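Read off the chains here:
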Amino acid sequence: MKVVIPPIKSQGIKTKFVLWIRDVAPEVSGRWIEPFLGTGVVAFNTRYKKAILNDTKS
């Protein structure tokens, strides 16, 4: 699988972990909840049909 890399560069981006996260995350039959969206690299590469995407700024 080719990982889609976002055009935004940021510190702490999870691009290198996308394949690992997909392997260890359970298949979601309901809704995927992403509490730390950041650049969205995990959410956009997992492509769940239903998701709640969130992030906060301090």
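You'll find the structure just up there.
Conventions we followed
Here the residue numbering is sequential within each chain, running from 1 through the sequence in written order. Restriction of local features to residues with pLDDT of at least 70 applies here, the model being predicted, together with a cutoff of 80 or more for giving and counting side-chain atom pairs; totals for whole chains, interfaces and linings are based on all residues. Based on all heavy atoms of the structure, the side-chain values leave hydrogens and waters out of the count. For helices the rule is a DSSP run of H or I covering at least 4 residues; for strands it is a run of E covering at least 2, with both sets numbered from the N terminus onward. Burial here depends on accessible area, computed with a 1.4 Å probe over protein chains only, as a share of the maximum for the residue type. Under 20% is buried, over 50% is exposed, and the range in between is partly exposed. Here, nonpolar core means buried Ala, Val, Leu, Ile, Met, Phe, Trp, Tyr and Cys residues that are tied together by side-chain atoms lying within 4.5 Å of each other. Throughout, a residue-residue contact means that at least one pair of heavy atoms, one from each residue, lies within 4.5 Å. The rule is short: rings of Phe, Tyr and Trp, with Trp giving its six-membered ring, pair when the centres are within 6.5 Å, and they are stacked under 30 degrees, edge-to-face over 60, tilted in between.

Topic: the environment of Gly30
Inference 1: By the secondary structure assignment, Gly30 is in the loop between α1 (18–24) and β1 (32–34).
Inference 2: When its relative accessible area of 43% is taken as the criterion, Gly30 is described as partly exposed.
Inference 3: Separated by 19 residues in sequence, Gly30 and Lys49 place their C-alpha atoms 8.8 Å apart.

With respect to the nonpolar core
Inference 1: Grouped together as the largest cluster of nonpolar side chains are 7 residues: Val3, Val18, Ile21, Ala25, Trp32, Val41 and Val42.
Inference 2: Of all the secondary-structure elements, those providing two or more residues to this core are α1 and α2 (41–46).
Inference 3: Apart from residues lying up to four places away in sequence, Val42 is in contact with Lys14, Val18, Ile21, Trp32 and Glu34.

Concerning the packing of aromatic side chains
Inference 1: Tallied over the full model, the rule gives 1 aromatic pair.
Inference 2: Both rings, one in Trp32 and one in Tyr48, keep their centres 4.9 Å apart while their planes meet at 20°; by these two values the pair is stacked. Remark: Tyr48 occurs in the loop between α2 and β2 (51–53) and Trp32 occurs in strand β1; sequence separation between them is 16 residues.
Inference 3: The exposure class assigned to Trp32 is buried, which follows from its relative accessible area of 13%.

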